[in-house]
Amino acid sequence: MTLRWEVVATWLALLAAATAAWGVAAATLPLPDYYLPPPTAVLATLGDLIAKGILPTYVAESLRRILQAAVLGLAVGVPAGLLLGMSRRAAEFFYPLLNFFQSVSGIAWLPLMLVWFGFGERTILIAVNYTVLFPVIFNALLGVRSVPRLYVDALRTLGASRWRIARDVLVPGALPSIVTGMRLGLAYGWRALIAAEMLVGAHGLGFMIFNAQNFHLTARIMLGMGIIGVLWVVLDYFLLRPLEEATIARWGIVQR
Amino acid sequence: MNRLGAPLRGVLPFVALVAAWTLVTQTGLVSALFLPPPVDVARTAWELARDGSLWINILASLGRVLLGVAASVPLGVGLGVAVALNRRLAPVVEPIVSFFNALSGIAWLPLAITWFGLGWTSVTFIMFNTIFFLVFFNTLVGVRTVPRIFENAVRTMGGSRRHVIFQVLIPGALPSIVTGLRMSIGFGWRALIAAEMIATSTGLGFLIYNAANFHQSDTILVGILTIGLLWLTTDRLVLQPLERRTIERWGLVSTVEP
C-alpha cells in the first residue's frame, strides 16, 4: 500500500486535467446551467455551505448515525454472534434465519418502519442499525464455527475449561471473520444510511443531496456526492482495511 | 442425523419464526395494523399473484438488474483488462475507481433524476454505476495479481501479447472478476430497491414504498419476503456456484511467492 510520489503526481495531474475538461465542457456545451455546473460553482457551494454551518451539521449528523450503528454492531452484534456460534445446536438453528435477514437489506424494511414509527430519526436509525447488525452477527457466528475442531480438542485434552477454550481459541480464531463482517456491514450500512436520509429526510448528507435536486441545486448535489465518497474512502482505506489486514495477519488461520 | 435431517433442520427455524409471529399477532400483543398475522400475508400474496401485479413488479426489478449487468459487465471487464496492461496507468486509476466504488448506488440518484428525469433511464444509470465500477475494480486487481512468472513463461515459449492476454491474464483474473460480479449484484440489488422507491412506478421497491402510504403492512411484508427470497435464490443457485466453479477451475494456487 505504498503510495509512490510518481503515482501521486500523475494522479494530481489527471485530476487537474479532468477538472479543466469539466470546466471547458460546462462553459461551452449548450446545456442549462443546472445540468452541468462548472467546478468553480461546486467550490463556491463548498465555501458557502461551510460558512452557513449547514455542511458541518449534516456531515456530523451522518457520521453520528453510522458511528452509532458501528458501536451497536460491536457491543451487541459481535457478542451475540460469538455466543450463538459457541453452541453447535444454536448455530445450526439460527444460521438460516440470520442468512435470510442479512439478505433483506435494511432499506427494504424502511416502508414497514415508516408505518411503525413514522417519518423520523428513529426510522433511519433502525434501518441503518439493522443493515449493520445482521452481517456482523452472521460473520461472528461463522467465524466461531470455522475454527478447526482440532484446536478445541487439543486444549480440551490438556484440561482447559469451556471458558478457557472460548477465550484462547474460539474468540481469537473468529476475529478475522468478525472484522470482515464489520467492514461489509458498515459498507452496506453507509449506503443504507444515505438512502434512508433521502427517503425519510431528516438532516444528513443523503437529505442534503436529495433536497437539492428539488431546487435544481446541482452544484450542491455534486459536492454532497464528493463528500459521501471521500468520507467512505477515508473510513475504509485508513481504518477498516488496515484493521482487517492486521487482524488476518495476526490471527488468521492458515490451514495446511 | 439421517438424510431427512438436513433439509428439515433448514426449514425448522422458519417454522418456529412463523409460529412466534402467529402467536404475537393472535394474542393481540401487536396490532394487526402494524404486523398482520402470517395468514393475512399469505392471502395478500395469493391475491397479488393472482391479479398479476406481483409478477409484473418482480419482472420489472429483475429486468433492471439484467439490463444493468448486460450494459456494465462487458465494459467493466474490457476496461479493467486494458488499464491493467499498462503498468504506469494502473496504480493511478486504482484509487480513482475505488472512490467511485464508495459512491456506488443510491448516491447517484439525485444527479440521475436531474439529468434523466424519473424513470427507467435513471434507474439503469444507477445500476450501471454500481455494477460497472465494482467489476472494473475487481478485473483490474485480478489481472494485476496474476504472478508475472506465468506471463514470462508463455513469453519465453514464444507466446505473443495476445496469447498472454487471453491464455494467462484473463483466465487468471476470472476468480476475482466473478467475485466482483457477485458483490456488485448484491450492492446493485439493494440500490435498485431504494431507487425504485423514489424514481419509478413499477418494481418491488415501488410496491412496498407505495404500500406504506396506505398503511398496507401485509403488502409490504409480501414485498420484503419476495426481495429476500429472490436474492437468496439468485445468490445460492447462480452466483455462488458460478464463483465456486470459477475458483475451482481457474483459481491460482500459487506455490511461488510473488
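Residues numbered from 1 in each chain as written. Chains lettered and ligands numbered in written order. Predicted model: local features only at pLDDT ≥ 70, side-chain atom pairs only at ≥ 80, totals over all residues. Heavy atoms only, no water.

**Student:** In this structure, what is going on with the overall build of chain A? I would like to understand it.
**Tutor:** Summing up its helical and strand segments, chain A has ten helices and zero strands in all. When the elements of chain A are put in sequence order from the N terminus, they spell out α-α-α-α-α-α-α-α-α-α. Compactness check: chain A gives a C-alpha radius of gyration of 23 Å against a globular reference of 18 Å for 256 residues, more than 25% above the reference. Along the three orthogonal principal directions, the C-alpha set of chain A runs to about 75 × 55 × 30 Å. Across the 256 residues in chain A, those meeting the buried criterion constitute 47%. Across chain A, every contact between residues at least 6 apart in sequence was considered, and the portion connecting residues at least 24 apart equals 73%. Surface exposure of chain A reaches about 12700 Å², of which carbon and sulfur atoms provide 69%. Averaging the coordinates of the 19 positive side-chain charges in chain A and doing the same for the 12 negative ones gives two points 11 Å apart. (Helix = DSSP H or I, 4+ residues; strand = E, 2+ residues; numbered from the N terminus. Rg over C-alpha atoms; globule rule 2.2 N^0.38 Å. Buried < 20%, exposed > 50% of the residue type's maximum accessible area, 1.4 Å probe, protein only. Contact = heavy atoms within 4.5 Å. Areas by Shrake-Rupley, 256 points an atom, 1.4 Å probe, with all protein chains shown as cover. Lys, Arg positive; Asp, Glu negative; His and termini not counted. Charge placed at Lys NZ, Arg CZ, Asp CG, Glu CD.)

**Student:** Help me out: how do you make sense of the confidence of the model for chain A in this one?
**Tutor:** Any residue range with low pLDDT should be treated as having predicted coordinates unsuitable for detailed reading. Per-residue confidence for chain A gives a mean pLDDT of 88; residues scoring 70 or more make up 97%. Here helix α1 (residues 5–28) of chain A is the element of chain A with the lowest mean pLDDT, 86, and helix α3 (residues 54–86) of chain A is the one with the highest, 93. (pLDDT = per-residue confidence, 0-100.)

**Student:** Looking at this structure, I do not really get the interface of chain A and chain B. What am I missing?
**Tutor:** Where interface size is given, it is often the accessible area lost as the parts come together that is meant. At the junction of the two partners, chain A supplies 51 residues and chain B supplies 52 residues. Taking both sides of the interface into account, the surface hidden between chain A and chain B amounts to around 4700 Å²; carbon and sulfur atoms contribute 77%. On the chain A side of the contact with chain B, A:F100, A:V115 and A:M225 bury the most area, a combined 13% of that side's loss. Across the contact surface, chain A and chain B share four residue pairs in polar contact (both at pLDDT 80 or more). At the level of secondary structure, the elements contributing two or more residues to the side of chain A that touches chain B comprise α1, α4 (88–103), α5 (106–117), α8 (162–200), α9 (205–214) and α10 (218–251) of chain A. (Buried area = accessible area lost by both parts, 1.4 Å probe. Polar contact = N/O pair within 3.5 Å; in protein donor to acceptor, adjacent residues only side chain to side chain.)

**Student:** Would you mind going over unusual backbone geometry with me for this structure?
**Tutor:** Glycine aside, a negative phi is what most residues show, and trans is what most peptide bonds show. Non-glycine residue A:H216 carries a positive phi angle of around 55 degrees. Locating A:H216 in the fold gives a position in the loop between α9 and α10. By relative accessible area, A:H216 is classed as partly exposed at 39%. Even without being a glycine, B:H215 presents a positive backbone phi close to 55 degrees. Secondary-structure assignment places B:H215 in the loop between α9 (204–213) and α10 (217–250). According to the relative accessible area criterion, B:H215 is partly exposed, its value standing at 41%.

**Student:** What exactly am I supposed to notice about the nonpolar core here?
**Tutor:** Buried together is how nonpolar side chains tend to be arranged in soluble globular proteins. Counting 126 residues, the largest nonpolar core has A:I107, A:W109, B:L109, B:W189 and B:L204 as its most contacted members. At 18 residues, the largest contribution of residues to this core is made by α8(A). Beyond its immediate stretch of four places on either side in the chain, B:L204 contacts B:L54, B:N57, B:I58, B:S61, B:W189, B:I193, B:E196, B:T226, B:I227 and B:L230. Core analysis: the second largest hydrophobic core is formed by 19 residues, B:V81, B:F132, B:F136 and B:L140 among them. (Core = buried A, V, L, I, M, F, W, Y, C linked by side-chain atoms within 4.5 Å.)

**Student:** Help me understand the packing of α1(A) against helix α4 (residues 90–102) of chain B, please; the structure alone is not making it clear to me.
**Tutor:** Packed helix pairs are specified by the crossing angle of their axes together with the interaxial distance, meaning the distance between the axes. Here α1(A) crosses α4(B) at 60 degrees, and the two axes come no closer than 9 Å. Classified by the interaxial angle, the pair formed by α1(A) and α4(B) is oblique. Considering how the two elements wind past one another, α1(A) and α4(B) form a crossing that is right-handed. Contacts between α1(A) and α4(B) pair A:V7, A:T10, A:W11 and A:L14 from the former with B:P91, B:V92, B:P95 and B:I96 from the latter. (Axes fitted to C-alpha atoms, helices over the stretch in contact; angles between N-to-C directions. Parallel < 35°, antiparallel > 145°, perpendicular 65-115°, else oblique. Left-handed = near helix turned anticlockwise from the far one by under 90°.)

**Student:** Looking at this structure, how should I read the packing of aromatic side chains?
**Tutor:** Aromatic rings considered in pairs are described by the distance between their centres and by the relative angle of their planes. All names here are of chain A. Following the criterion strictly, the structure yields 23 aromatic pairs over all chains and no others. Pairing Y95 with F138 gives two aromatic rings, centres 5.4 Å apart and planes at 35 degrees, and the pair type is tilted. Here the residue Y95 occupies a position in helix α4, and F138 occupies one in helix α6 (residues 121–145), the gap between them amounting to 43 residues. Here Y95 falls in the partly exposed class, since its relative accessible area comes to 30%. (Phe/Tyr/Trp six-rings, centres within 6.5 Å; stacked < 30°, edge-to-face > 60°.)

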